[in-house]
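The lines below spell out each chain.
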Amino acid sequence: MLRLESVSYRYAGAERASLRDIDLRLEYGEVLGVVGASEAGKTTLCLVASGLAPRAIRGTLTGRLLIDGIDVAGQRMHELTALVGVCFQDPATQLSGVNATVFEEVAFGPMNLGLPVEEVVERTTDSLAALRIGHLSERDPARLSGGQMQLVAIGGLLAMRPAHLVLDEPTAQLDPAGTSLVADALARLASGGSSILIAEQKTDLLARICDRVVALDHGGLRLSGQSRAVLADPSLQALGVEEPSIVRLRRLASEAGEDPARLEEEAP
Ligand SMILES: Nc1ncnc2c1ncn2[C@@H]1O[C@H](COP(=O)(O)OP(=O)(O)O)[C@@H](O)[C@H]1O
Ligand SMILES: [Mg+2]
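Not measured: the values here are computed from a predicted model. (Residues numbered from 1 in each chain as written. Chains lettered and ligands numbered in written order. Predicted model: local features only at pLDDT ≥ 70, side-chain atom pairs only at ≥ 80, totals over all residues. Heavy atoms only, no water.)

*Asks:* Help me out: how do you make sense of the site of ligand 1 in this one?
*Replies:* Close contacts around ligand 1 come from Y11, S18, A37, S38, E39, A40, G41, K42, T43 and T44, and that covers them all. Protein coverage of the free-state accessible area of ligand 1, which is 560 Å², stands at 62%. Considering each element in turn, the shell around ligand 1 owes the most residues, three residues, to helix 1 (residues 42–49). (Near = heavy atom within 4 Å. Areas by Shrake-Rupley, 256 points an atom, 1.4 Å probe, with all protein chains shown as cover. Helix = DSSP H or I, 4+ residues; strand = E, 2+ residues; numbered from the N terminus.)

*Asks:* Explanation requested: the sheet that holds strand 2 (residues 19–26) in the structure shown.
*Replies:* Each strand in a sheet pairs with its neighbour through backbone hydrogen bonds, running either in the same direction (parallel) or in the opposite one (antiparallel). Strands sit in the order 2-1-4-5 across an open sheet of four strands; the sheet is antiparallel. A strand with exactly one partner marks an edge of an open sheet, and here the two such strands are strand 2 and strand 5 (70–71). Two strands pair when backbone bridges link them, and strand 1 (residues 2–11) and strand 4 (residues 59–67) are joined in this way by eight bridges, in the antiparallel orientation. Bridged to L4 within strand 4 is L65. Of the strands in this sheet, strand 1, strand 2 and strand 4 touch helix 1, which is tilted by about 120° from strand 1. (Pairing = 2+ DSSP bridges. Contact = heavy atoms within 4.5 Å. Axes fitted to C-alpha atoms, helices over the stretch in contact; angles between N-to-C directions.)

*Asks:* I tried to follow the sheet that holds strand 8 (residues 195–199) on my own but got confused; where do I start?
*Replies:* The strand order across the open sheet formed by six strands is 6-7-8-3-9-10, and the pairing between neighbours is mixed. Across the chains shown, the open sheet's two edge strands, defined by having one partner strand only, are strand 6 (84–87) and strand 10 (220–226). Here the strands of the sheet are splayed against their neighbours by 15° on average, with no regard to which way each runs. Here five bridges tie strand 3 (residues 31–36) to strand 9 (residues 212–217), and the two strands are oriented parallel to one another. Its bridge partner lying in strand 9, L32 is registered against R212. Helix-sheet contacts for helix 6 (residues 146–160) involve strand 6 and strand 7 (164–168), and the interaxial angle to strand 6 is about 175°. Packed onto the sheet, helix 7 (residues 176–191) meets strand 3, strand 7 and strand 8 and runs at close to 150° relative to strand 8.

*Asks:* Please clarify how the pattern of salt bridges should be interpreted in this entry.
*Replies:* Any two side chains of opposite charge can pair, on the condition that their charged atoms come close. All told, the structure shown has eleven salt bridges when counted by the stated rule. A salt bridge links E5 to R64, with the shortest nitrogen-to-oxygen separation between them at 3.0 Å. Here E5, found in strand 1, pairs with R64, found in strand 4; they are 59 residues apart in sequence, far enough to count as distant. R251 is the partner of E255 in a salt bridge, and the nearest nitrogen-oxygen pair spans 3.1 Å. With E255 and R251 both in helix 10 (residues 245–255) and four residues apart, the pair spans about one turn of that helix. The partly exposed category is assigned to R251, whose relative accessible area is 30%. Connected through salt bridges with shared partners, the residues R3, E5, R64 and D71 form a single ionic network. (Salt bridge = Lys/Arg side-chain N within 4 Å of Asp/Glu carboxyl O. Buried < 20%, exposed > 50% of the residue type's maximum accessible area, 1.4 Å probe, protein only.)

*Asks:* Can you walk me through the packing of aromatic side chains in this structure?
*Replies:* The description of an aromatic ring pair rests on the distance of the ring centres and on the angle between the ring planes. Taken as a whole and judged by the stated rule, the model has one aromatic pair. Judged by centre distance (5.2 Å) and plane angle (85°), the ring pair of Y9 and Y11 falls under edge-to-face. (Phe/Tyr/Trp six-rings, centres within 6.5 Å; stacked < 30°, edge-to-face > 60°.)

*Asks:* Can you walk me through the packing of helix 6 against helix 7 in this structure?
*Replies:* The geometry of a pair of packed helices is captured by two quantities: the angle between their axes and the separation between those axes. Axis separation between helix 6 and helix 7 bottoms out at 12 Å; the angle between their running directions is 10°. The angle between helix 6 and helix 7 falls in the class roughly parallel. Here helix 6 contributes L151, I154 and L158 to the contact with helix 7, which in turn contributes G178, V182, A185, L186 and L189. (Parallel < 35°, antiparallel > 145°, perpendicular 65-115°, else oblique.)

*Asks:* Can you walk me through the environment of D90 in this structure?
*Replies:* Here D90 is to be found in the loop between strand 6 and helix 4 (102–112). Separated by 121 residues in the primary sequence, D90 and D211 have C-alpha atoms spaced 26 Å apart.

*Asks:* How should the nonpolar core be read in this particular structure?
*Replies:* General note: in soluble globular proteins, nonpolar side chains tend to be found buried as a group. If you look at the biggest cluster of nonpolar residues, it comprises 42 residues, and the most contacted ones within it are L131, L167, L186, I196, I198 and I209. Per-element tally for this core: the top contributor is helix 6, with eight residues. Non-local contacts of I198, meaning those with residues more than four positions away in its chain, are made with V31, L32, G33, V34, L167, P170, L186, L205, L206, I209 and C210. L2, V7, L19 and V34 belong to the second-largest nonpolar core, a separate cluster that totals 30 residues. (Core = buried A, V, L, I, M, F, W, Y, C linked by side-chain atoms within 4.5 Å.)

Encoded structure:
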């Protein structure tokens, strides 16, 4: 369980807080989506929820971050990284830079957990297969395309099988096929009991995998609820968030006088 209690965050030197009074609760096996316009605070929320801010990014945090019921304020970065996996937008910065092949890169995290070699190999092979990047195993991670790097970074995270995972626009560089593979892999991880917080512009992806969704606006929580309800909320567009295509389709159908219930069978 990952929990934010009345969390506000102001970057060092900033005049205003970038997150204001956020209360969030993420249960095991739950996928929580975060939407909001550019600058709404999605990245900041990911930084705070993963403990990177204020540890690695200077600023002032008020309120509490609790992981498995423990206030993590006193914990060091390396203790936190064992609890929460993190994936940010820029894949190049996610890779270790020390591994000669994709296979070793994906195996790197589980190796460092001190797992037996057979298990490391099994997890690595599973991850590569789930993201359909087995054919890249022998390649140099530094010489991949942006999309391939992103899949490798996500593969490395999945292989850790983290209890908590925080992802900030993890599919930014991926095409629809890659995005879909990531969605399936995250859904599978959550069904194994992991809790996942994911900030995304791609609301189709969120509609597919999220249990709940929250919308941020100027650092505050504006909407929060079941994924289906929030993603169909009429105020979403005013918050700078694109409606998922299923919601758009229903709306257009209803505007055209069609019975939107006929589309229900197609709904994700
Ligand atoms: N390192 C920083 N220092 C000061 N302000 C920042 C920093 N990073 C982001 N901000 C500000 O915090 C607010 C939220 O930004 P961010 O979390 O990146 O939003 P989003 O990810 O939704 O686009 C913005 O007003 C942004 O300008
Ligand atoms: Mg961002």
